[in-house]
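Given next are the chains, with one letter for each unit.
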Amino acid sequence: MDHAVGRPVDQRVIDAMLPFMNSSYGNPSSLHVFGQEAKHALEEARTRVADLINAERKESVIFTSGATESNNMAIKGVVYRNKDRGTRTITSSVEHMSVVNTCKFLTTRGFETVFLPVDSFGFVGLEDLERELTDKTVLVSIVYANGEIGTIEPIREISKKVHEKNAFLHVDATAACGQVPIDVRREGIDLLTLSSNDMYGPRGVGALYVKEGIRLEPLLHGGGQERGLRSGTENLPSIVGFGKAADLSKNEMKDESERLTRLRDRFIDGLLKPLPYSFLNGHPTKRLPDNVSVRYSFIEGESMLLGLDMMGVFASSGSACTAKTLEPSHVLLAIGLKHEEAHGSLMFTLGRQNAEEDVDYAISLMPNIVKRLRAISPLTPKELNM
Ligand code: PMP
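Residues numbered from 1 in each chain as written. Predicted model: local features only at pLDDT ≥ 70, side-chain atom pairs only at ≥ 80, totals over all residues. Heavy atoms only, no water.

Enquirer: Sorry if this is basic, but what is going on with the environment of Glu-300 here?
Expert: Within the secondary structure, Glu-300 is located in the loop between strand E9 (291-296) and helix H9 (301-310). Spatially, the C-alpha atom of Glu-300 lies 33 Å from that of Gly-204, the residues being 96 residues apart in sequence. Sequence-distant contacts of Glu-300, that is, excluding residues within four places in its chain, are made with His-343 and Gly-344. (Helix = DSSP H or I, 4+ residues; strand = E, 2+ residues; numbered from the N terminus. Contact = heavy atoms within 4.5 Å.)

Enquirer: I tried to follow the site of the ligand on my own but got confused; where do I start?
Expert: Near the ligand, the surroundings consist of Ala-67, Thr-68, Asn-71, His-96, Ser-98, Asp-172 and Thr-174. Thr-68 has a polar side-chain atom sitting 2.6 Å from an oxygen atom of the ligand. Within the contact set of the ligand, a nitrogen atom lies 3.3 Å away from a side-chain nitrogen or oxygen of Thr-174. Considered on its own, the ligand offers 400 Å² of accessible surface; in the complex 72% of this is hidden by protein. In terms of residue count, the dominant contributor to the shell around the ligand is helix H3 (residues 67-81) (three residues). Split into classes, the residues belonging to the shell around the ligand amount to one nonpolar, five polar and one charged. (Near = heavy atom within 4 Å. Polar contact = N/O pair within 3.5 Å; in protein donor to acceptor, adjacent residues only side chain to side chain. Areas by Shrake-Rupley, 256 points an atom, 1.4 Å probe, with all protein chains shown as cover. Nonpolar A, V, L, I, M, F, W, Y, C, P; charged D, E, K, R; others polar.)

Enquirer: Would you take a moment to explain the sheet that holds strand E6 (residues 191-195) for this structure?
Expert: Two strands in a sheet stick together by hydrogen bonds in their backbones, pointing the same way (parallel) or opposite ways (antiparallel). Spatial ordering of the open sheet is given by E1-E7-E6-E5-E4-E2-E3, a layout of seven strands whose pairing is mixed. Since the sheet does not close on itself, it has two edges, and those belong to strand E1 (61-64) and strand E3 (112-116), each with one partner. Ignoring strand direction, the axes of neighbouring strands in this sheet form an average angle of 20 degrees. Strand direction decides the pairing type here: strand E4 (residues 137-143) and strand E5 (residues 168-172), joined by five bridges, are parallel. Bridged to Ser-141 within E5 is His-170. (Pairing = 2+ DSSP bridges. Axes fitted to C-alpha atoms, helices over the stretch in contact; angles between N-to-C directions.)

Enquirer: Honestly, the packing of aromatic side chains in this entry has me stumped. Any pointers?
Expert: Two aromatic rings are characterised by how far apart their centres lie and by the angle between their planes. Enumeration according to the criterion identifies six aromatic pairs in this entry. Judged by centre distance (6.0 Å) and plane angle (70 degrees), the ring pair of Phe-63 and Phe-242 falls under edge-to-face. You can see Phe-63 sitting in strand E1 and its partner Phe-242 sitting in helix H8 (residues 236-272), a full 179 residues away along the chain. Overall, Phe-242 belongs to the buried group, its relative accessible area being 0%. Between Phe-267 and Phe-348, the ring centres sit 4.6 Å apart and the planes meet at 50 degrees, which makes this aromatic pair tilted. Highlighted residues: Phe-267 in helix H8 and Phe-348 in strand E10 (residues 345-349), separated in sequence by 81 residues. Comparing Phe-267 with Phe-348 shows no difference in burial state: the two are buried. The residue whose ring lies beneath Lys-76 is Phe-105, and the NZ or CZ to ring-centre distance is 5.2 Å. The aromatic ring of Tyr-200 is capped on one face by Arg-352, whose charged end is 3.9 Å from the ring centroid. (Phe/Tyr/Trp six-rings, centres within 6.5 Å; stacked < 30°, edge-to-face > 60°. Buried < 20%, exposed > 50% of the residue type's maximum accessible area, 1.4 Å probe, protein only. Lys NZ or Arg CZ within 6 Å of the ring centre and 35° of its normal.)

Enquirer: Mind showing me how you'd approach the pairing of strand E7 (residues 206-210) here?
Expert: Sheet faces and side chains relate simply in a regular strand, where the side chains alternate between the two faces. When you tally the buried positions in E7, you get five out of five residues, the bulk of the element. Judged by which residues are buried, E7 turns out to be covered on both faces: Gly-206, Leu-208 and Val-210 on one side and Ala-207 and Tyr-209 on the other are all buried. Summarising the sheet, E1 and E7 pair through four bridges and their orientation is antiparallel. By the bridge assignment, Phe-63 is partnered in E7 with Ala-207. Bridging between E6 and E7 involves five bridges; their strand directions are antiparallel. Bridge assignment links Ser-195 to a residue of E7, and that residue is Gly-206.

Pasting the structure below:
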């Protein structure tokens, strides 16, 4: 129940990838038949990813090594290339570190970044955005849905405001892709980050959608692959796997998301109802179908995790990217939680393998774990332990 940190690769994806590791190992840049076979597979995968997000043309999809690279490429690429138009970037305080740290880096190179606050659900405020959108703003980068608390941002409304000021909108859809339908044209998205593993494809491959006409400075210079925007021999087996995963997601997303939403709501209910001083993080309905983020007062997420781990349930206390630090997650602090509240958080992310009995089993474990930890916590009010 910790799918946000990694998902198994779908067997149908593995089957699609295998030939490109042995019998069909051509390089898409070669002119001979072997190379052209590879080129065909590369372009088919591009079409599949483009179709998933309703891109206007397949050439708008650039393959990368994953979401971190796509986020870096979108933000640095647009800001460097368009610095004559302005030097200001706006982002939110619930972004992944690959956005946060890219924006912070840019401030050391003479660019300006504004981190918008969010409300207690994690929504970016449209008035805040409007106020900060000056004529100098070249890019706004907002997460489609935060992977830690699951809140889905109002992208279409954000896009309207951004375009009124002639800025570009980049959306990090890593946690959302494959779970909720994303339509770059209908939602007015100029650049979109996607990741393969979040759709049960292989790791180490992702994509950046770049709307036609938007100019980027490349991060990698070399042989000019990917329309010169991302040089380097294409990772064909993984790209083919990503294409297959995108295709499967497109066809299976509706049923699977409905199933996960039912499981999610059953899980949230079962975790919160039996225990006082327990709360949901994020919005109850405008949230990713797989995300269950809760908190219990007076105790620590890590101790609950260990209790669950001993019983064979694997969860997380926040983003894997910040799990090694003792600092609470910046996302939980941004929604207004105090340090001790953030530390009492527990995050489950459901996936294709999880069924109702898994959820019911995890629910059955929590009262004992929480009561035991509260009994030894100095923060627990006396009446709760009586
Ligand atoms: N953006 C978001 C919203 C994420 O949740 C993650 C982590 N899965 C990333 C970006 C970075 O992904 P990766 O580490 O695969 O590059």
